[in-house]
Amino acid sequence: MHFIGVFANNSEFEFIKRYIIKILKRKDIEFININSNSISNIKNVVFETILICGKINISDKQKEIINSICSKCKYIIINADICSNTKIISSNRVNCITYGLNQKSTITISSIQDEKAIIYIQRNIKNVKGNEIEMGEICINLKKYEQIKIENLLSIFSVYLLYKE
């Protein structure tokens, strides 16, 4: 069983969870919403992946719990456009994947047109099975995803890359 923790508001969490389950069609992935109210309840869960979609408003005690959680996970996927403070990540030996519209993100959009976007993977990434995902561009039909915000599309795509079979 793969546990994926998602730092997001409830509606964004539910949207991302539904979409990833729909496109991956896997039953061995469990999503858990992480927010300031749930941090103390999930401190003993070992996550394989942490997805940070937005800013996290937490206390100092909760930061210690998050550091502990992040130190045990294999991947941290972070929205680099919103979360510029990566102290949690830099102190841990995990695979950090950033996404966003900025040029330094691991996964970004290199081009957007009316009906298509080109997602650019700027460095090689190893998926959960240890297979190498090579850097390069992938064309996405935006008509298929017209109800999705670009940052959510990038977060969903990032998780998809790691867990697709």
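Located above this text is the structure these notes cover.
Thresholds applied
- For every chain, the first residue of the written sequence is number 1, and numbering continues from 1 along that sequence.
- Local features in this predicted model are restricted to residues of pLDDT 70 or higher, and side-chain atom pairs are both shown and tallied only at a pLDDT of 80 or more, whereas totals for entire chains, interfaces and linings draw on every residue.
- Only hydrogens and water are set aside when side-chain values are computed; all heavy atoms of the structure are taken into account.
- A pair of aromatic rings is counted whenever rings of Phe, Tyr or Trp (Trp by its six-membered ring) have centres within 6.5 Å, and the orientation is called stacked for planes under 30 degrees apart, edge-to-face for over 60 and tilted otherwise.
- A run of DSSP states H or I qualifies as a helix once it reaches four residues; a run of E qualifies as a strand once it reaches two. Both are numbered from the N-terminal end.
- We call a charge positioned over a ring when the NZ of a Lys or the CZ of an Arg lies within 6 Å of the ring centre and within 35 degrees of the ring normal.
- Any two strands between which DSSP finds at least two bridges are classified as paired.
- As used in this structure description, the phrase polar contact means that two N or O atoms lie within 3.5 Å; if the pair is within protein, one of them must be able to donate a hydrogen and the other to accept it, and residues adjacent in sequence are counted only when both atoms belong to side chains.
- What is meant by a nonpolar core is a set of buried Ala, Val, Leu, Ile, Met, Phe, Trp, Tyr and Cys residues, joined one to another through side-chain atoms within 4.5 Å.
- The rule is simple: take the accessible area with a 1.4 Å probe, protein chains only, and divide by the maximum for that residue type; under 20% is buried, over 50% is exposed, in between is partly exposed.
- Contacts are assigned to residue pairs that have any heavy atoms within 4.5 Å of one another.
- Basic side-chain nitrogens of Lys or Arg form a salt bridge, by our definition, when they fall within 4 Å of a carboxyl oxygen of Asp or Glu.

Draft legend 1. Focus on the packing of aromatic side chains. Considering all chains together, one arrives at 1 aromatic pair under this definition. Between F15 and Y19, the ring centres sit 5.7 Å apart and the planes meet at 35°, which makes this aromatic pair tilted. Placement of both F15 and Y19 in helix α1 (residues 10-24) is noted, with a separation of 4 residues, approximately one turn of the helix. Above the plane of the ring of Y19 lies K22, whose end atom (NZ or CZ) is 5.4 Å from the centre.

Draft legend 2. Looking closely at the pairing of strand β6 (residues 107-112). Here β6 runs beside strand β7 (residues 116-121); their pairing, made up of 5 bridges, is antiparallel. By the bridge assignment, T108 is partnered in β7 with Y120. Counted along the chain from β6 to the antiparallel partner β7, the turn is 3 residues long.

Draft legend 3. Layout of the side chain of S38. For S38, the location among the structural elements is in the loop between β2 (29-34) and β3 (49-52). Among the polar contacts listed, one links the side chain of S38 to the backbone nitrogen of N35, at a separation of 3.0 Å.

Draft legend 4. View of the nonpolar core. Grouped together as the largest cluster of nonpolar side chains are 36 residues, with contacts concentrated most on V6, L51, I107 and Y163. The set of elements that each furnish at least two residues to this core consists of β1 (2-7), α1, β2, β4 (75-79), β5 (95-99), β6, β7 and α4 (150-163). Examining the composition of this core, we find that 8 residues originate from one element, α4, more than from any other. If we ignore the near neighbours within four places in the chain, the residues touching Y163 are H2, I4, L24, R26, I29, E48, T49 and V128. The next biggest cluster of nonpolar side chains, apart from the first, holds 18 residues, and it includes I50, I66, C73 and V94.

Draft legend 5. Main features of the pattern of salt bridges. A full pass over the atoms with the stated rule returns 3 salt bridges. Where R26 meets D28, a salt bridge forms, and the shortest distance between an N and an O atom there is 2.8 Å. Residues E151 and K149 are paired through a salt bridge, measuring 3.9 Å at the closest nitrogen-oxygen approach. Since its relative accessible area comes to 30%, E151 is described here as partly exposed.

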